[in-house]
Amino acid sequence: MVTKCVCSDILFSEIKVKADKNGVKNIEELRKHVTLGENCRLCIPYIELMFKTGRTEFEYTEVTGDSN
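Rules used in this analysis
Residues numbered from 1 in each chain as written. Predicted model: local features only at pLDDT ≥ 70, side-chain atom pairs only at ≥ 80, totals over all residues. Heavy atoms only, no water. Helix = DSSP H or I, 4+ residues; strand = E, 2+ residues; numbered from the N terminus. Rg over C-alpha atoms; globule rule 2.2 N^0.38 Å. Buried < 20%, exposed > 50% of the residue type's maximum accessible area, 1.4 Å probe, protein only. Contact = heavy atoms within 4.5 Å. Areas by Shrake-Rupley, 256 points an atom, 1.4 Å probe, with all protein chains shown as cover. Lys, Arg positive; Asp, Glu negative; His and termini not counted. Charge placed at Lys NZ, Arg CZ, Asp CG, Glu CD. Core = buried A, V, L, I, M, F, W, Y, C linked by side-chain atoms within 4.5 Å.

Student: Help me understand the overall build of the protein chain, please; the structure alone is not making it clear to me.
Tutor: Counting its regular elements, the protein chain contains 4 helices and 2 strands. Along its sequence from the N terminus, the protein chain presents helices and strands in the succession β-β-α-α-α-α. By the compact-globule yardstick of 11 Å for 68 residues, the protein chain fits well, its C-alpha radius of gyration being 11 Å. On the principal axes, the C-alpha backbone points of the protein chain span a range of 35 × 25 × 15 Å. Counting every position in the protein chain, which comprises 68 residues, the buried fraction comes to 29%. Counting contacts in the protein chain only where the partners sit at least 6 residues apart, residues at least 24 apart contribute 44% of the total. Surface summary for the protein chain: the accessible area is close to 4,500 Å², and the carbon and sulfur share equals 47%. Between the mean site of the 10 positive side-chain charges and the mean site of the 11 negative ones, the protein chain shows a separation of 6 Å.

Student: Even after reading the chapter, I still don't get the nonpolar core, so can you show me in this structure?
Tutor: Across soluble globular proteins, you tend to see nonpolar side chains buried next to one another. Core analysis: the biggest nonpolar cluster contains 18 residues, and F12, I15, L30, L36 and I47 have the highest contact counts within it. Those elements giving two or more residues to this core turn out to be α1 (12-22), α2 (27-30) and α3 (44-53). In this view, I47 contacts F12, I15, I27, L30 and L36; residues no more than four positions away in its chain are not counted.

Structure below.
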């Protein structure tokens, strides 16, 4: 399961709490409250999916399309 931004070491569940608390609806606004996606940026598609679905845990294949 993918559950966090590895570079910033912050769980998506923590990110969601901050987004909800501050009424944030997109990554640009979220960056005003949380440091994320500044190195590898692999968390960005998962955070976008978090905004769409409200979920904070994802199967690796959901974003990448990999079947491995």
